[in-house]
Amino acid sequence: MLIKLSVLSQDLIDFLELYPTEAEREVWEQVDVVLKDAKGILDELQAYKGAGQEIREAIQNPSDEALQEQAWAAVVPLVGKLKKFYEFSQRLEAALHSLLGALTSETYSDPTQHLEREQALAKQFAEILHFTLRFDELKMTNPAIQNDFSYYRRTLSRMRINNVPAEGENEVNNELANRISLFYADATPMLKTLSDGTTKFVSENKNLPIENTTDCLSTMASVCKVMLETPEYRSRFTSEETVSFCLRVMVGVIILYDYVHPVGAFAKSSKIDMKGCIKVLKDQPPNSVEGLLNALRYTTKHLNDDSTNKTIKSMLQ
């Protein structure tokens with residue numbers, strides 16, 4: 001298995017040069033349409049400044065109609081962006097379903113074969129995970145998102161009570177506003193979407209052994225770990241961004257595995273070398289991985305189970 005992983009790691013080093021085979025093409029093209037929009041979403045989120053100042057002034061001067069209008073005018077287009085991000089999460093979940101369907105099918109006898117022969121799809125799965133963790137890192141450090149949306153909902157509610165027509169109301173109706181609010185209330189909303197989506201995929205495909213999914217995830221975690229800890233492979237990375245990519249993917253598949261596997265990623269029977277993965281993270285410059293370590297600490301399902309090895313718990317303290 002180790003030799004197989006080494007060969008697979010070698011094949012997957014150059015993430016930029018993977019093109020779909022004919023067998024992969026249909027799913028690859030569906031997912032590619034979604035991934036083409038991912039960078040734009042991250043750029044918009046990174047540039048998201050919020051309407052904090054306008055909202056503060058409006059709240060401090062409730063009788064000043066001009067300030068109320070300024071705040072509302074500032075918030076409405078921002079809510080349009082937040083809606084766009086939420087809708088993208090739904091598209092991402094659908095793309096994940098398509099990829100899992102291909103990567104866990106009975107076409108090949110084991111997950112390593114799937115990843116060897118469907119490398120373009122494996123790369124897309126990795127890109128989804130990289131996007132997800134990057135999105136959540138940006139969201140967690142931007143309190144303006146929830147403040148803006150809360151202000152929008154409060155103001156909209158007040159306008160309805162007073163029968164004031166509200167520009168922007170058609171943009172987000174009440175039911176959609178509830179769903180968006182729940183989405184952003186989570187510390188890591190994209191990761192929750194993918195975790196729920198993976199769990200849903202497993203429950204909807206009961207004819208498919210759960211190991212097909214968990215083995216695919218654990219193999220991807222092992223490949224990333226081998227690539228990051230082996231100097232021969234690591235030296236071939238063209239940039240630090242490739243290192244960040246591998247680290248995010250490794251953490252992403254660990255979290256999905258922890259949600260889908262009945263006893264999780266931290267149990268003794270887990271097929272993921274959690275001590276090795278955590279060591280790889282801790283060997284990086286601290287400021288570059290704190291968000292990923294926090295993702296393992298706070299967004300996994302089984303870390304605090306009694307069955308979790310004490311050494312693993314102490315490594316994450």
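Before reading on, note that the structure itself is shown above.
Calculation notes
Residues numbered from 1 in each chain as written. Predicted model: local features only at pLDDT ≥ 70, side-chain atom pairs only at ≥ 80, totals over all residues. Heavy atoms only, no water. 1 Å grid on protein atoms, 1.4 Å probe; cavity = no way out; pocket = protein on both sides within 12 Å on 5 of 7 lines; lining within 4 Å. Points joined across faces, edges and corners; volume = space filled by probe spheres on them. Helix = DSSP H or I, 4+ residues; strand = E, 2+ residues; numbered from the N terminus. Nonpolar A, V, L, I, M, F, W, Y, C, P; charged D, E, K, R; others polar. Expected span 1.5 Å × (residues − 1). Buried < 20%, exposed > 50% of the residue type's maximum accessible area, 1.4 Å probe, protein only. Contact = heavy atoms within 4.5 Å. Polar contact = N/O pair within 3.5 Å; in protein donor to acceptor, adjacent residues only side chain to side chain. Salt bridge = Lys/Arg side-chain N within 4 Å of Asp/Glu carboxyl O. Axes fitted to C-alpha atoms, helices over the stretch in contact; angles between N-to-C directions. Left-handed = near helix turned anticlockwise from the far one by under 90°.

Caption draft 1: Local environment of empty space enclosed by the protein. All told, the structure shown has 2 cavities of 30 Å³ or more when counted by the stated rule. Looking at the second largest cavity, its volume works out to about 70 Å³. If you trace the second largest cavity, you find it lined by Leu 133, Asp 136, Glu 137, Met 140, Thr 188, Leu 191, Gly 291, Leu 292 and Ala 295. Counting only elements with at least two residues in the lining of the second largest cavity, the list comes to helix 7 (119-140) and helix 15 (286-298). Among the elements that take part in the lining of the second largest cavity, helix 7 stands out by supplying 4 residues, more than any other. For the lining of the second largest cavity, the residue count by class is 5 nonpolar, 2 polar and 2 charged.

Caption draft 2: Up close: helix 10 (residues 189-204). Its 16 residues place the ends of helix 10 22 Å apart at the C-alpha level, agreeing with the 22 Å of an ideal helix rising 1.5 Å per residue. Burial in helix 10 covers these residues: Pro 189, Met 190, Leu 191, Thr 193, Leu 194, Ser 195, Gly 197, Thr 198, Phe 201 and Val 202. The elements touched by buried residues of helix 10 are helix 5 (65-103), helix 7, helix 9 (174-185), helix 11 (210-229) and helix 13 (240-260).

Caption draft 3: A look at helix 5. In this model helix 5 runs 57 Å from its N-terminal to its C-terminal C-alpha over 39 residues, within 8% of the 57 Å that 1.5 Å per residue would give. At the N-terminal end of helix 5, a side-chain oxygen is found 3.1 Å from the backbone nitrogen of Ala 66, two or three residues along, and the residue is Asp 64.

Caption draft 4: Quick look at the pattern of salt bridges. Enumeration over the complete set of coordinates arrives at 18 salt bridges. Two residues, Lys 39 and Asp 43, come together in a salt bridge whose shortest N-O distance is 2.9 Å. Placement of the pair is Lys 39 and Asp 43 together in helix 3 (residues 38-46), with a separation of 4 residues, close to one helical turn. Between Glu 290 and Arg 297 there is a salt bridge; the shortest N-O distance is 2.8 Å. When its relative accessible area of 15% is taken as the criterion, Arg 297 is described as buried. In this structure, a network of salt bridges that share partners links the residues Arg 134, Glu 137, Glu 241 and Arg 248.

Caption draft 5: Representation of the packing of helix 13 against helix 14 (residues 274-282) within the structure. Axis separation between helix 13 and helix 14 bottoms out at 11 Å; the angle between their running directions is 145°. Helix 14 is crossed by helix 13, and the crossing has left-handed handedness. Of helix 14, the residues touching helix 13 (which contributes Leu 247, Met 250, Val 251 and Ile 254) are Met 274, Cys 277, Val 280 and Leu 281. In the contact of helix 13 with helix 14, the residues fall into 8 nonpolar, no polar and no charged.

Caption draft 6: Molecular detail of the environment of Ile 180. Looking at where Ile 180 falls in the secondary structure, it is placed in helix 9. Residues Ile 180 and Phe 149 lie 31 residues apart in sequence; the distance between their C-alpha atoms is 8.8 Å. Among residues more than four places away in sequence, those in contact with Ile 180 are Lys 83, Tyr 86, Phe 149 and Val 172.

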